[in-house]
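# Examining the three-dimensional arrangement
What follows is each chain in one-letter form.
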Amino acid sequence: MRIGIFTDQYFPTVSGVVTSIETLADGLRARGHIVYIITSLDLRNIKKEELEILKAKGEYFINVPGFHYPFKKLRGYRFINIKKEYIKRIALLKLDVIHVPTEFSMARLAIKCSKELNIPMVHTFHTLFDEYLSYVSGFFTRLFPKMMHNILVNRFLRPVSRQSLIEIVPTKKVYDQRYHYKLGINEDVRIIPTGINLDAFLESKRQASLVSKYQLQNKFVYLFVGRISEEKRISNIITAYKKVANANNRLLIVGDGPELSKLRKLTLELELKENVIFTGFIEWKNISSYYALGDVFLCDSVSETQGLTYLEALASGLPLLVRKDDCLLNLLINDYNGIAYEKENELIAYMKNLETDKNKLLSLKRNTKKSTIQYTDNIFVENIIKVYEDVIKKIMIYH
């Protein structure tokens, strides 16, 4: 098959969406399918080595000209004016399927191509957008939440949902949210968890050079990995950690994002400069080595749709200590491979317990890696191929 993935987020951005796209594209190509990535990046503002990686993708990477949105928190997204020349260029690819893991500019282009070129379209819905409305305007979101919600649904979500013959969601949580948004026109909605290549995480080991770099010798390490952004609620983790911080433990925060400077300031205010370590941006190829530094994985977010970092942490042998959330269904089993909490005082108590009760920690660690078997990239890719085959059959029936 010839597949076009239209995405607003792509390399060098680090996110669950980008990880999912790369995993899928690599798996499809390994099976002999042709995969094009159609996106809009500002190539002038990325590093030379990153540009070389994109150039190496050759004709299978197509960059559509665009403009930055005038919102600081949406700097990774771009607006495009859809032109006939773009559609003509897509037509030359002779795509069998269009796959859209977005709802913004590239989704608009995908919808146009699907309609004019008669190509069946698949949509992956995996973002809880109400959590991100403040990125556009915190002021209007606070004053007119219903209006902002309706703009989101009617302007962005419904058009891509209506054009897609099959929709994919990663968890039951997102499936339910989709119906909360009243996107019920397309009734062929399939729950397919994103899979990842677990091998690197399953085999990860602590590197002495990193232990030395961050001075983690003989330290108990609470670990967060992810985008440093408001919806991740990392400040809650830092505030809770203040209650358990001592000379024998550290909080390691791995990643980059718009909240980084604000969180650094918070650690100074809480007098945690020595205990809280920010690594900044870490390349994907090295991330498994950072998971290996941790003893327990922390996350307070309720904006996750699946939480690939949860899966990566478990594959790395780290028990989860995370806020209770529907996205954890079938992944986190309390007192088996981790613990889900609901209140800050519970988080603090569990942090103390896991640091001091070595038997409890070892009991959880024994079950972490076996929890990830059903989330391999091979299962994920095979499930998506079945969706593509079914959507091609549907377009043949309709025409």
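Residues numbered from 1 in each chain as written. Predicted model: local features only at pLDDT ≥ 70, side-chain atom pairs only at ≥ 80, totals over all residues. Heavy atoms only, no water.

Moving on, we come to unusual backbone geometry. With an omega dihedral of 10 degrees, the bond running from Phe11 to Pro12 counts as a cis peptide bond. For Asn118, which is not glycine, the phi dihedral falls at a positive 55 degrees. On the secondary structure map, Asn118 appears in the loop between α4 (105–117) and β7 (121–124). One non-glycine residue, Asn218, adopts positive backbone phi at about 60 degrees. By secondary structure assignment, the location of Asn218 is in the loop between α9 (208–213) and β10 (220–225). (Helix = DSSP H or I, 4+ residues; strand = E, 2+ residues; numbered from the N terminus.)

With that settled, the discussion passes to the layout of surface pockets. A probe as big as a water molecule, rolled over the atoms, marks out the empty space that is left. Estimates place the volume of the second largest pocket at around 840 Å³. Lining the second largest pocket are 30 residues, and of these Phe11, Glu22, Glu283, Trp284 and Lys285 lie nearest its centre. Every element with two or more residues in the lining of the second largest pocket is listed here: α1 (16–30), α2 (48–56), α8 (199–202), α12 (287–291) and α16 (377–398). In terms of residue count, the dominant contributor to the lining of the second largest pocket is α1 (six residues). Residues of the lining of the second largest pocket, tallied by class, amount to 12 nonpolar, eight polar and 10 charged. (1 Å grid on protein atoms, 1.4 Å probe; cavity = no way out; pocket = protein on both sides within 12 Å on 5 of 7 lines; lining within 4 Å. Points joined across faces, edges and corners; volume = space filled by probe spheres on them. Nonpolar A, V, L, I, M, F, W, Y, C, P; charged D, E, K, R; others polar.)

This part is about the pattern of salt bridges. What the rule picks out here adds up to 19 salt bridges. With a shortest N-O distance of 3.9 Å, Glu22 and Lys57 are connected by a salt bridge. You can see Glu22 sitting in helix α1 and its partner Lys57 sitting in the loop between α2 and β3 (61–63), a full 35 residues away along the chain. Of the residues examined, Lys57 reaches a relative accessible area of 22% and is grouped as partly exposed. Linking Asp42 and Arg44 is a salt bridge whose minimum nitrogen-to-oxygen distance equals 3.0 Å. Linked by salt bridges that have partners in common, Asp188, Arg190, Lys386, Asp390 and Lys394 make up one network. (Salt bridge = Lys/Arg side-chain N within 4 Å of Asp/Glu carboxyl O. Buried < 20%, exposed > 50% of the residue type's maximum accessible area, 1.4 Å probe, protein only.)

Under the definition given, this model contains nine aromatic pairs. What links up through ring pairs into an aromatic cluster is the set Phe201, Trp284, Tyr291, Phe297 and Tyr310. (Phe/Tyr/Trp six-rings, centres within 6.5 Å; stacked < 30°, edge-to-face > 60°.)

Attention now goes to the environment of Thr305. Secondary-structure assignment places Thr305 in the loop between β13 (296–299) and α13 (308–315). In this structure, the C-alpha to C-alpha distance between Thr305 and Pro193, residues 112 residues apart in sequence, is 9.8 Å.

This brings us to the state of the cysteines. Applying the stated rule across the entire model yields zero disulfides. Of all cysteine sulfurs in the structure, the one in Cys299 sits closest to Cys327, which takes part in no disulfide; the separation is 8.3 Å. (Disulfide = S-S within 2.5 Å.)

Along the chain, the position of Thr279 falls in strand β12 (residues 276–280). Dropping the residues within four chain positions of it, Thr279 is found in contact with Tyr214, Leu252, Ile253, Val254, Gly255 and Tyr290. (Contact = heavy atoms within 4.5 Å.)

Let us look at the sheet that holds strand β14 (residues 320–323). Strand pairing in a sheet takes place through backbone hydrogen bonds and is either antiparallel or parallel in direction. Pairing is parallel across the open sheet formed by six strands, whose spatial order is β12-β11-β10-β13-β14-β15. The open sheet has two edge strands, β12 and β15 (338–341), and neither has a second partner. Here the average twist between neighbouring strands, direction ignored, is 20 degrees. Where β13 meets β14, three bridges bridge the pair, whose relative direction is parallel. What sits directly across from Phe297, in β14, is Leu320. Along the sheet face, helix α10 (residues 234–242) touches β10, β11 (249–254), β12 and β13 and points at about 170 degrees away from the line of β11. Sheet strands in contact with helix α15 (residues 358–365) are β10, β13 and β15, and its direction is about 105 degrees off that of β15. (Pairing = 2+ DSSP bridges. Axes fitted to C-alpha atoms, helices over the stretch in contact; angles between N-to-C directions.)

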